[in-house]
Amino acid sequence: MSRDLIHGGALDEMRAAYPDAPEPWIDLSTGINPWPYPYTALSPSALTHLPLQTDQDACRQAMAVAFRAHAPSILLAPGSELLIRLLPDVLQPKRIAILSPTYGDHRAAWRRAGVEIIETNDPLNLAASVDLVVVTHPNNPDGRVFAPEALEAARQTLARRGGWLIIDEAYADLVPDQSLATHGGADGLVVLRSFGKFFGLAGVRLGALLAPEHIRTAMAGRLGAWPVSGAALQIGAEAYANTDWQTQTRQTLSSVSARLKNILRAGGLDLIGGTSLFQYVSAPDAHYVFEHLARAGIYVRRFEHSATHLRMGLPATCEAEDRLAEALSLLT
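Remember, it's a predicted structure, so these values are computed and weren't measured experimentally. Residues take numbers from 1 onward in each chain, read along the sequence in its written order. pLDDT decides what is reported in this predicted model: residues at 70 or higher carry local features, side-chain atom pairs at 80 or more are listed and counted, and totals for whole chains, interfaces and linings draw on all residues regardless. Each side-chain value is worked out from all heavy atoms of the structure, with water and hydrogens disregarded.

S.K.: Explain the sheet that holds strand β7 (residues 189-194) to me, please; I cannot follow it from the model alone.
M.R.: Adjacent strands of a sheet form backbone hydrogen bonds with each other and so pair up, either parallel or antiparallel. Think of it this way: DSSP has to see at least two bridges between two strands before they count as a pair. Secondary structure is summarised from DSSP: a helix means a run of H or I of at least four residues, a strand means a run of E of at least two, and numbering begins at the N terminus for each. Across the sheet, seven strands lie side by side as β2-β8-β7-β6-β5-β3-β4; this open sheet has mixed pairing. In the strand order of this sheet, the two ends are held by β2 (74-77) and β4 (116-120), each with one partner. Within this sheet the neighbouring strands show an average axis-to-axis angle of 20 degrees, counted without direction. Relative to β4, strand β3 (residues 95-99) runs parallel, the two sharing five bridges. In the sheet register, I98 faces β4, and the bridge partner there is E119. By the convention used here, residues are in contact when the closest approach between their heavy atoms is within 4.5 Å. A fitted line through C-alpha atoms serves as each axis, taken over the contacting stretch for helices, and the angle formed by two N-to-C directions is quoted from 0 to 180°. Docked against the sheet, helix α3 (residues 53-67) engages β2, β7 and β8 (207-210), running at close to 120 degrees with respect to β2. Running at roughly 160 degrees to β4, helix α5 (residues 104-112) makes contact with β3, β4, β5 (132-136), β6 (164-169) and β7 of the sheet.

What follows is the structure, given as structure tokens:
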């Protein structure tokens with residue numbers, strides 16, 4: 001399978017596949033903030049010393065304030081992707097329900113574990129009959145959100161039966177009021193957080209798991225003694241503490257997202273959903289649109305499961321917006 005059908009972000013492979021496309025490429029395939037957090041210079045110790053407990057504590061505390069969560073409920077990790085892959089070994093359910101469509105690595109991780117999987121657009125409704133429910137919230141790729149009260153009700157139903165609600169909040173920094181991180185540590189609840197998307201620093205590899213103590217202990221044993229680099233801890237502590245930057249960034253992303261929506265509508269695409277970091281669109285032949293844009297040096301996200309949907313992140317410049325609008329105009 002082509003890597004662009006798995007995650008996006010494979011710009012090197014796109015250049016090889018479309019050598020005649022104009023440069024510079026516009027990468028709209030990942031849903032990552034194109035205006036990254038402007039962190040200050042790293043201290044020398046961030047790269048020359050093993051991370052200290054005080055470094056971890058500072059990052060965890062800054063996260064807790066940003067998430068409005070209880071700091072002891074937070075386990076730091078090198079991004080949420082590894083946590084997704086380790087959770088089947090930690091929780092070991094037999095029958096689970098997963099929101100569909102959603103981020104594909106959830107399904108892949110549980111499938112590798114041999115778990116019975118029910119893919120559904122209403123997984124919360126199955127809380128009384130499965131061992132575990134997985135939702136991405138806001139959802140990727142369509143931006144769907146659930147009422148926090150509905151999520152909490154499902155958690156309680158699952159917890160009474162020894163089950164689990166896993167909420168992947170990779171995009172929750174965009175809509176903090178939708179987060180269940182405030183319930184971190186509650187019975188039956190596992191929350192995953194990701195740093196790279198909202199803060200635009202995917203290469204930092206920082207994330208968190210919020211869960212009851214015995215789950216954090218089991219996961220920590222699998223992650224090892226120094227799972228997060230000193231550089232990531234320092235950048236994370238600074239970025240999560242900078243609430244002014246976070247507020248301004250939410251406003252900026254919302255404004256640029258509105259412009260993107262107008263471009264996509266004018267280009268004849270139907271908007272299905274999304275967040276302020278990406279839009280989920282429908283087209284009769286989405287793979288043709290993908291190819292057309294690729295030949296114009298524009299890389300968007302297509303899906304193996306659908307020939308009628310695409311996801312597009314935010315253009316970083318006015319020039320990129322104009323190139324996208326021009327390329328789409330040639331479709332109509």
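Picking up after the structure, the text goes on.
S.K.: Hey, could you run me through the packing of aromatic side chains in this one?
M.R.: Two aromatic rings are characterised by how far apart their centres lie and by the angle between their planes. Each aromatic pair joins two rings of Phe, Tyr and Trp (for Trp, the six-membered one) with centres within 6.5 Å, and gets the label stacked for planes under 30 degrees apart, edge-to-face for over 60, and tilted for any other angle. Evaluation of the coordinates by the stated rule reveals twelve aromatic pairs. For the ring pair F198 and F199, a centre distance of 5.1 Å and an interplane angle of 85 degrees mean the geometry is edge-to-face. In this structure, F198 and F199 share a single accessibility class: buried. Both rings, one in Y280 and one in F303, keep their centres 5.9 Å apart while their planes meet at 75 degrees; by these two values the pair is edge-to-face. Of the two residues, Y280 is situated in strand β10 (residues 278-282) and F303 in strand β12 (residues 301-303); the sequence distance between them amounts to 23 residues. Working definition: with a 1.4 Å probe on protein chains only, accessible area under 20% of the residue-type maximum means buried, over 50% means exposed, and in between means partly exposed.

S.K.: Looking at this structure, I do not really get the sheet that holds strand β13 (residues 306-313). What am I missing?
M.R.: One open sheet accounts for four strands, arranged β9-β10-β13-β12; its pairing is antiparallel. Sheet topology places β9 (270-275) and β12 at the edges, where each strand pairs with a single neighbour. Put simply, the sheet's adjacent strands are angled 25 degrees from each other on average, direction ignored. Where β12 and β13 come together, three bridges link them in antiparallel fashion. Along β13, the bridge assignment pairs R301 with R311. Of the strands in this sheet, β9, β10 and β13 touch helix α10 (residues 243-266), which is tilted by about 20 degrees from β10.

S.K.: How do you make sense of the pattern of salt bridges when you look at a structure like this?
M.R.: Think of it this way: side chains of opposite charge can pair up when their charged atoms draw near. A carboxyl oxygen of Asp or Glu within 4 Å of a side-chain nitrogen of Lys or Arg is what we treat as a salt bridge. Enumeration according to the criterion identifies 13 salt bridges in this entry. Measuring nitrogen to oxygen at the nearest pair gives 3.0 Å for the salt bridge that ties R85 to E81. Placement of the pair is R85 and E81 together in helix α4 (residues 80-91), with a separation of four residues, close to one helical turn. It is possible to trace a salt-bridge network through shared partners that takes in E81, R85 and D105.

S.K.: Before we go on, may I ask you to explain unusual backbone geometry in this structure?
M.R.: Note on backbone geometry: most residues besides glycine have negative phi, and most peptide bonds are trans. Residues E23 and P24 are joined by a peptide bond in cis, for which omega reads -5 degrees. Position of P24 relative to the elements: it lies in the loop between α1 (11-17) and β1 (26-27). The linkage connecting H137 with the following residue, P138, adopts the cis geometry, with an omega of -5 degrees. Backbone geometry at R68 places phi at a positive 55 degrees, although glycine is not the residue there. Considering the arrangement of structural elements, one finds R68 in the loop between α3 and β2.

S.K.: Would you mind showing me how to read the environment of S282 here?
M.R.: When you line up the elements, S282 lands in strand β10. Through-space distance from the C-alpha of S282 to that of L269 is 6.0 Å; in sequence the pair is 13 residues apart. S282 has contacts with L269, D270, I272, T308 and H309, leaving out every residue within four places of it along the chain. Whenever two N or O atoms come within 3.5 Å, that pair is a polar contact, provided that in protein one can donate a hydrogen and the other can accept it, and provided that, for residues adjacent in sequence, both atoms are side-chain atoms. Polar contacts involving the side chain of S282 include one to the main-chain carbonyl oxygen of T308, which spans 3.4 Å.

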